[in-house]
Amino acid sequence: MIGGRNITEITQFILLGFSDFPQITALLFVIFLTLYITTLTWNLSLVVLIRMDSHLHTPMYFFLSNLSFIDLCYITSTVPKLLSNFFQEKQTISFVGCIVQYFLVSTMGLSESCLMTAMAYDRYAAICNPLLYSSIMSPSLCAFMVMGSYTAGLISSLSQVYVLMQLHFCGPNVIRHFFCDMPQLLNLSCTDTFFAHVLLLILTMFFGLTNTLPIMISYGFIVSSIMKITSAKGRSKAFNTCASHLTAVSLFYSSGIFVYLRSSSGGSSSFDRFASVFYTVVIPMLNPLIYSLRNKEIKDAMKRLQKKTIFSQVWVKVRGNRVSEVMIGGRNITEITQFILLGFSDFPQITALLFVIFLTLYITTLTWNLSLVVLIRMDSHLHTPMYFFLSNLSFIDLCYITSTVPKLLSNFFQEKQTISFVGCIVQYFLVSTMGLSESCLMTAMAYDRYAAICNPLLYSSIMSPSLCAFMVMGSYTAGLISSLSQVYVLMQLHFCGPNVIRHFFCDMPQLLNLSCTDTFFAHVLLLILTMFFGLTNTLPIMISYGFIVSSIMKITSAKGRSKAFNTCASHLTAVSLFYSSGIFVYLRSSSGGSSSFDRFASVFYTVVIPMLNPLIYSLRNKEIKDAMKRLQKKTIFS
């Protein structure tokens, strides 16, 4: 009800795109498809090259790889929908799809703006303080700046999405653009958009000032330092180190400011749409070209990779179905058949204590998770989608911890802490399958909480038994297929050098470091799977909780809000622990970390979290407590 009138809200928008140019539809499709494929190829190639070549493991290229990743996400949030609309009669997008698209565009755009500032500071440190560069641009600072860029973009975009969710759309639904953008959506709203405009203005000023000012100040110091260099050759070399970034920054901000000023003045002409193509499509394509065209380090890395791919030819001699020797670089080398799991053997003074701790954690985890599975199975009151997912989560945690801890316990008092090659592969397969399946299951549980809070009346029909079974089977299947693909790649590698794994279980990064053959495709696969599972799981979870928070804020009573929040608090806690620990350990392992700290950190997500999950879901859960009481009475009085 708006202004005393009952008005039906629209559930979808029409993206006009370039439909007013029917005579060149085919040409536009070919152009955008070419731009999209080129952008994906160039940016992904740059990410893989930086990942593969140790000479490029510097702050500058760390930032550049993240810039390429952002550009990949940025262009993917708009162009695929544009391409699919070219030959569709109804170029529609649902309300939820429109909100999600704007969220992605805004997050990536604002994150890129912050990352440009971090890159400007990096160039300032390199030119103005070359002797202190390594200590200034430490790995921890670089990681903090990148995470800060993503976080700033994410939080500001969530605030905009929240404001958009409070608006009502009941009039015209034609968006004169090829993607959903804030100004166009505000123009279509039939309610007051004052706060939305204020928020947009505040965010624009905030990101404009906090990013452009540091960039200008950095380049002020850079120009001052360059002018102090006496030789022309030295000045030219110093300028070349920041010329690429300066070009990218100029293109990014000039096009962004131009389009923002046009959209703020209500511009929605064909010219504005074509102008928007430049900063949403063309710039993500140009960035890798700008940074690599005259970059000697990138060219040298490409040459090294090309030589590595051509000359690392491997011929395998098979004797009685057993691989005994390989020829690498013209030499016969015997392959190792077992690895040594270092575990915690470098702490002999506390071996007994560690054994007791891990045994206690393992028994506790088995007891709690198995009890939860049995309880849910036995009590008919818990035969709901939420507890169906929870029982599967407990089953995954049981398998997850059992794939690592028993071997760790058996190794504590063994002189040779070895594991066979096949055993190592099988262990990694189990760890990977359960970990990825749990990641997917967390997403399914987030959708379940969204349906319960945002659509309580339709909950039973939305979360039907068939959908729940499909989501669980999909989680297991996704984890299984991706793990099989990794195992297949690992089986193609050869191990003929050091065989000491500085970990308490077999993990992909450690195995790749020990391979004596080319690991290019393995690294590419690992990167693709990380990006795929990261995006396809974290984004739906964040979007679900965006809708959940919006629905909770609409509840008038404090008691109602508290009750609604409590229904998803357990899952939110579990998700936060799972992803924060996983991301931390992945970033450490990606940088080659294999210290004692990394091993103890890995304990958290492989041992502690499977133990905590049943506790998190049952500690303040009245239904679980009531089910335990019913089971206790049934046992006593039957």
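Everything numeric in this text was worked out from a predicted model, so none of it was measured. (Residues numbered from 1 in each chain as written. Predicted model: local features only at pLDDT ≥ 70, side-chain atom pairs only at ≥ 80, totals over all residues. Heavy atoms only, no water.)

A. Focus on the overall build of the chain. The helix and strand tally for the chain stands at 22 helices and nine strands. Its C-alpha atoms give the chain a radius of gyration of 28 Å, within 12% of the compact-globule value 26 Å for 638 residues. Dimensions of the chain, computed from C-alpha atoms along their principal axes, come out at roughly 80 × 75 × 45 Å. By the burial criterion, 49% of the 638 residues in the chain qualify as buried. Across the chain, every contact between residues at least 6 apart in sequence was considered, and the portion connecting residues at least 24 apart equals 78%. Carbon and sulfur atoms form 69% of the exposed surface of the chain, whose accessible area is close to 31300 Å². Within the chain, one finds 41 positive and 25 negative side-chain charges whose respective centroids are separated by 2 Å. (Helix = DSSP H or I, 4+ residues; strand = E, 2+ residues; numbered from the N terminus. Rg over C-alpha atoms; globule rule 2.2 N^0.38 Å. Buried < 20%, exposed > 50% of the residue type's maximum accessible area, 1.4 Å probe, protein only. Contact = heavy atoms within 4.5 Å. Areas by Shrake-Rupley, 256 points an atom, 1.4 Å probe, with all protein chains shown as cover. Lys, Arg positive; Asp, Glu negative; His and termini not counted. Charge placed at Lys NZ, Arg CZ, Asp CG, Glu CD.)

B. Quick look at the sheet that holds strand β1 (residues 12-15). Spatially, three strands are ordered β2-β1-β3 in an open sheet, and the strand pairing comes out mixed. Because the sheet does not close on itself, it has two edges, and the strands there are β2 (92-94) and β3 (174-175). Relative to β2, β1 runs antiparallel, the two being bridged by three bridges. Bridge assignment links Gln12 to a residue of β2, and that residue is Ser94. Against the sheet, helix α4 (residues 95-128) contacts β1, β2 and β3, and its axis sits at roughly 85° relative to β2. (Pairing = 2+ DSSP bridges. Axes fitted to C-alpha atoms, helices over the stretch in contact; angles between N-to-C directions.)

C. Examining helix α12 (residues 351-378) more closely. Here α12 is 28 residues long and its end C-alpha atoms lie 40 Å apart, about the 40 Å a rise of 1.5 Å per residue gives. Turning to α12, its buried residues are Thr351, Leu354, Phe358, Leu361, Tyr362, Thr364, Thr365, Asn369, Leu372, Leu375 and Ile376. (Expected span 1.5 Å × (residues − 1).)

D. Structural context of the state of the cysteines. This model, assessed by the stated rule, comprises four disulfides. Here Cys424 connects covalently by a disulfide to Cys506, the sulfurs 1.9 Å from one another. Across the disulfide from Cys424 to Cys506, rotation about the S-S bond amounts to roughly -120°, and the bridge is consequently left-handed. With Cys424 in helix α15 (residues 421-454) and Cys506 in the loop between β9 (500-501) and α18 (508-514), this pair connects stretches of sequence that are 82 residues apart. Judged on exposure class, the residue Cys424 and its partner Cys506 are both buried. Between the sulfur atoms of Cys496 and its disulfide mate Cys516 the distance is 2.0 Å. In this structure, the disulfide formed by Cys496 and Cys516 twists by about 135° around the S-S bond and is classed as right-handed. One end of the pair, Cys496, is in the loop between α17 (465-492) and β9; the other, Cys516, is in the loop between α18 and α19 (520-554), and 20 residues separate them in sequence. Residue Cys496 is classed as buried on the basis of its relative accessible area of 18%. In the chain, the bonded cysteines, numbered by position in the sequence, are linked as 1-3, 2-4, 5-7, 6-8. The cysteine Cys242 is free of any disulfide, with Cys128 supplying the nearest cysteine sulfur at 9.2 Å. (Disulfide = S-S within 2.5 Å.)

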